[in-house]
Each structure stands twice: as structure tokens, then as C-alpha cells.
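# Per-entry structural report
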There are 2 protein chains.
Amino acid sequence: MSDLLGRLRGRGWRMTAQRRVVAEVLDGEHVHLTADEVLARATARLPEISRATVYNTLGELVSLGEVAEMSTDGRAKRYDPNAHRPHHHLVCSRCGAIRDVHPEGDPLTALPAAERYGFAVDAVEVTYRGVCPDCARA
Amino acid sequence: MSDLLGRLRGRGWRMTAQRRVVAEVLDGEHVHLTADEVLARATARLPEISRATVYNTLGELVSLGEVAEMSTDGRAKRYDPNAHRPHHHLVCSRCGAIRDVHPEGDPLTALPAAERYGFAVDAVEVTYRGVCPDCARA
DNA sequence: ATCTCTGCAAATGGTTTGCATGAGA
DNA sequence: TCTCATGCAAACCATTTGCAGAGAT
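Each chain carries its own residue numbering, running from 1 in the written order of its sequence. Chains carry letters and ligands carry numbers; both start at the beginning, A for chains and 1 for ligands, and go up in the order they are written. With pLDDT at 70 or above as the cut-off, local features in this predicted model cover only qualifying residues; side-chain atom pairs require 80 or more to be listed or tallied, and sums for whole chains, interfaces and linings still use all residues. Only hydrogens and water are set aside when side-chain values are computed; all heavy atoms of the structure are taken into account.

### Concerning the interface of chain B and chain A
Filter applied, for reference: In what follows, a contact means two residues having at least one pair of non-hydrogen atoms within 4.5 Å. Buried area is understood as the total, over both parts, of accessible area removed when two parts are fitted together, assessed with a 1.4 Å probe. Any Lys or Arg side-chain nitrogen found within 4 Å of a carboxyl oxygen on Asp or Glu counts as a salt bridge.
Each partner contributes to the interface: chain B provides 38 residues, whereas chain A provides 38 residues. Buried area between chain B and chain A, summed over both chains or domains, comes out near 3,200 Å², and the portion from carbon and sulfur atoms is 58%. If you look at where chain B meets chain A, you find 2 salt bridges. A:Arg129 serves as the salt-bridge partner of B:Glu125, at 2.5 Å between the closest nitrogen and oxygen.

### Some details on the domain arrangement of chain A
All names here are of chain A. Quick reminder of the rule: For every domain, the bounds stem from an assignment made automatically or drawn from a database.
Partitioning chain A into domains gives domain 1 (3-80) and domain 2 (88-137). Of note, the centres of domain 1 and domain 2, computed from C-alpha atoms alone, are 24 Å apart. Residue-level contacts link 6 residues of domain 1 with 6 residues of domain 2. In this assembly, domain 1 packs against domain 2 so that about 610 Å² is buried in total across both faces, 52% of it on carbon and sulfur atoms.

### Thoughts on helix α3 (residues 35-45) of chain B
We count it as follows: Each residue's exposure class comes from its accessible area (1.4 Å probe, protein chains only) as a fraction of the maximum for that residue type: buried when under 20%, exposed when over 50%, partly exposed otherwise. In this text, helices come from DSSP runs of H or I with a minimum length of four residues, and strands from runs of E with a minimum of two, each type numbered from the N-terminal end. Here, the arc refers to the directions that run from the helix axis to the C-beta atoms.
Listed as buried for α3(B) are B:Ala35, B:Val38, B:Leu39 and B:Ala42. Around the axis of α3(B), the buried residues are gathered within 100° of arc, so they sit on the same side.

### A short note on the protein's contact with DNA strand D
Put simply, the rule reads: If even one non-hydrogen atom of a residue comes within 4 Å of a molecule or strand, that residue is called near it. Throughout this description, a polar contact denotes any pair of N or O atoms lying within 3.5 Å of each other; where both atoms belong to protein, one of them has to be capable of donating a hydrogen while the other can accept it, and for residues adjacent in sequence the pair is counted only when both atoms sit in side chains. Charged means Asp, Glu, Lys or Arg here, nonpolar means Ala, Val, Leu, Ile, Met, Phe, Trp, Tyr, Cys or Pro, and polar covers whatever is left, Gly included.
Around DNA strand D sit 22 residues in total, of which A:Tyr55, B:Arg14, B:Thr16, B:Glu48 and B:Thr53 are the nearest. Of everything in DNA strand D that lies within 4 Å of the protein, sugar and phosphate atoms constitute 78%. A distance of 3.1 Å separates a sugar or linking oxygen of DNA strand D from a polar backbone atom of A:Met15. Contributing elements (two or more residues each) for the surface near DNA strand D: α4 (51-63) of chain A together with α2 (17-26) and α4 (51-63) of chain B. For the surface near DNA strand D, the per-class residue count stands at 7 nonpolar, 8 polar and 7 charged.

### Thoughts on the protein's contact with DNA strand C
The immediate surroundings of DNA strand C are formed by 21 residues, with A:Arg14, A:Thr16, A:Glu48, A:Thr53 and B:Tyr55 found nearest. A share of 75% of the atoms of DNA strand C within 4 Å of the protein falls on sugar and phosphate groups. A distance of 2.7 Å is found between a phosphate oxygen of DNA strand C and a side-chain nitrogen or oxygen belonging to A:Thr16. If you list the elements that add at least two residues to the surface near DNA strand C, you get α2 (17-26) and α4 of chain A together with α4 of chain B. Its residues assigned to classes, the surface near DNA strand C shows 7 nonpolar, 7 polar and 7 charged.

### Description of the relation of the copies chain B and chain A
Heads up, the rule is: Copies overlap after least-squares fitting; the atoms used are the C-alpha atoms of residues with pLDDT of at least 70 in both.
Laying chain B over chain A is done by rotating through 180° and shifting 0.0 Å along the axis; what remains is an RMSD of 0.1 Å. Between the two chains, the operation in question is that of a two-fold axis. Closest approach to the rotation axis among the C-alpha atoms of chain B is made by B:Val126, whose C-alpha sits 2.3 Å away. Both copies share a contact surface, since 97% of the interface residues of chain B are interface residues in chain A too.

### Digging into the confidence of the model for chain A
Basically, it comes down to this: On a range of 0 to 100, pLDDT expresses the predictor's confidence in each residue.
When pLDDT is averaged along chain A, the result is 93, and 99% of the positions lie at 70 or above. Within chain A, α2(A) carries the highest mean pLDDT (98), whereas strand β2 (residues 68-70) of chain A carries the lowest (93).

### Describing the environment of A:Tyr55
Among the structural elements, A:Tyr55 can be located in helix α4. For the pair formed by A:Tyr55 and A:Gly105, sequence separation is 50 residues and the distance between their alpha carbons is 35 Å.

### Section: the nonpolar core
What counts here: Buried residues of nine kinds, namely Ala, Val, Leu, Ile, Met, Phe, Trp, Tyr and Cys, make up a nonpolar core once their side-chain atoms join them within 4.5 Å.
Grouped together as the largest cluster of nonpolar side chains are 24 residues, with contacts concentrated most on A:Tyr128 and B:Tyr128. At the level of elements, β4 (88-92) and β6 (120-131) of chain A together with β4 (88-92) and β6 (120-131) of chain B are the ones that each hand at least two residues to this core.

### Here's the deal with the packing of α2(B) against α4(B)
The angle between the axes and the distance between the axes are what describe a pair of packed helices. Residues and elements named next belong to chain B. For the record, the criterion: Fitting a line to C-alpha atoms yields each axis, with helices limited to the stretch in contact; the angle taken between N-to-C directions then spans 0 to 180 degrees. Note that the term roughly parallel is reserved for angles under 35 degrees, roughly antiparallel for angles over 145, roughly perpendicular for angles of 65 to 115, and oblique for everything else. Here is the rule for handedness: rotate from the far helix to the near one, and if that takes an anticlockwise turn smaller than a right angle the crossing is left-handed, while a clockwise turn gives right-handed.
It is at 10 Å that the axes of α2 and α4 come closest, and there the two elements cross at 65°. It follows from the interaxial angle that α2 and α4 lie roughly perpendicular. The two elements α2 and α4 meet at a crossing, and its hand is right-handed. For the pair α2 and α4, the contacting residues are Gln 18, Arg 19, Val 22 and Leu 26 in the first and Thr 53, Val 54, Thr 57, Leu 58, Glu 60 and Leu 61 in the second.

### Section: the side chain of A:Asn82
Residue and element names in this part refer to chain A. With respect to the element layout, Asn 82 can be found in the loop between β3 (78-80) and β4. In this structure Asn 82 comes out as buried when scored by relative accessible area, which is 6%. Within the local environment of Asn 82, its side chain forms a polar contact with the side chain of Glu 29, the two groups lying 3.4 Å apart. Discounting chain neighbours no more than four positions away, the residues touching Asn 82 are Ser 2, Gly 28, Glu 29, His 87 and Asp 100.

### Focus on the packing of aromatic side chains
Note the cut-off: Note on aromatic contacts: the rings of Phe and Tyr and the six-membered ring of Trp form a pair at centre separations within 6.5 Å, being stacked when their planes are under 30 degrees apart, edge-to-face when over 60 apart, and tilted otherwise. A positively charged side chain is recorded as over a ring if its NZ (Lys) or CZ (Arg) lies within 6 Å of the ring centre. The angle to the ring normal must also be within 35 degrees.
The full count for this structure, using the stated rule, is 0 aromatic pairs over all chains. The cationic tip of A:Arg99 hangs over the ring face of B:Tyr117; the distance from NZ or CZ to the ring centre is 4.8 Å.

What follows is the structure in C-alpha cells.
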């Protein structure tokens, strides 16, 4: 729990039952749910929530900068509530498990000026891929 | 030109007019086309090529390891023919322009063992984001 | 009271698939 | 010849949108 709801309230975000449930479902560490998974968990707590509302709310949280969209693997986008603290991702190539990681050093400095093509670089996304302990054991 | 076709022929890849055109369209440096763009350029050279064939062929090139799929931004996947030489991407946040870049040092070493959660890490994808010179000027 | 969020359902965009035909090795 | 790639169209999946009504501030 990293108090996503508290932060949202502090920003004067309009609160409704649906929006609260989406934020609750999303809050935590190492959480990377798809929109569909968010809908499923939200429906469990509040049956009268609709798919469109989940998408609307996710989109809003993303544009508020409170949730980050990961377009990592094939199909559906995943939503990561840890947008306020920069981190990277470690993904299992077999089962798709995802962990948040914090590399040492500033990844931006790894790109030499000669390789910047005149871009003003201000962010970097890093995804490490490998096999998780559970899959390695099996 | 990095001779994608030559490599494919060398691997005994079944050659047809359609497959050759897709490979030709894709070959080069800093090429990151969507399936739709590949179809458009392929159609210009060979009108009787179909969308399904483009998708089939792209999928096959990806599973052969000759082309890499980038799931970077929002909508459509992009296809990168430089899969044989590891590199990262530099993307313009405004216009979406993409360049291939080659950071110094091994990016894999940037992830401390204590942050690996027991994973056997074997690859890393890096996307730098910033504003390209053209957009900065405007 | 006002402003907007919500639900429904239909539309959209990207990608995949089934099947009969036709071309490669 | 025998296999497999192709084309067409329909299916699919994730996501977006229009609209009328309910709900929050």
C-alpha cells in the first residue's frame, strides 16, 4: 500500500464509488494489472461497475501521472501504480511475472552525446528479461 | 541495407514474390515500420499482396529472430530488422521519430544482484524518450 | 444546481484465423 | 507431386466513443 487514494484525494480528484474501487484495486507494490484484470477485481467489490468506466478511470490516472502504462508484452497494456517513484521492470520470459527493480546509477547517462542525434533526452524505460526462479525450477 | 534477404536465403527460407517484397521493404537502418506501413510499401511494389500475408510474414520473421517487434507506443507494433545486432531506441515524445542507438557499457550489469529476485536475466530493452531537433525547433 | 461520471452498446483499430486456391521446391 | 504460402473475408480482442441519466460537490 502506497496510499494512491490519499494522493488522489489530496489533488482534489472527484471521488465516486467506482473510481475509489479502481484506485484501491491498483494500489500496492509490484502491481501490474491489465484493464481486464482491474475490471474483474473491481467487479468483485462493486458489481455495477462497467468496463468503460474502468478504461476511463485508468486513462485519467495515467494522464494525472499517478499510474504508468506499460506496453511491454503482446496484447493488453498493464497499469503500474508506482509512477511517482521511478523504477524499471524485470519480466519472466516464460510465465510473464513482473517485478519492479531499481538499477544503480542514472540510466540516462548511459547514452553518449554522440548517440543522441540532437534529441533532448529526458526519460528512459528499461525492461530486463529473464527466467524467474519458479520457472527455472520447473 | 544490411542484407536481410541474403541472410534469409542462407537459412533456406522459402522464397516467394510476396515474402521477398516484405523483406526488401523492411531492410535497412533506423527502419521501424508498422504492419500497415509495410503493407502500403509492399503494395506499391506488388499490388497483389494481401494484408494477411504481410502479417504472416512479419510473424515468421520475428520467430526466426531476424526481425524484432517493438511494442513501444500506443497502437500498432513496429518491426525492426536490426534484430541481429543488439541496440536500443530513442523516441521523440512529440512526433514519434525513432532512432537506433548503442549505449556504452553492458546494460545488463546495471541491475544489481540484490535486485534480481532470483531471475536469470539474459536481455534488456531500453527506450530513451526525448524531443527530437525538428520538434524542438518548432 | 451544475458539472461530470457512469453504464450501455455500438464502433474502431490492430491482428489473427479458416479455408480453398495456386505457386514453390 | 506434395507441401506450404496466399488471398479473401470474417472473427477476435483490446480499447474508445456517443449518449442519456444518475450522482458528486
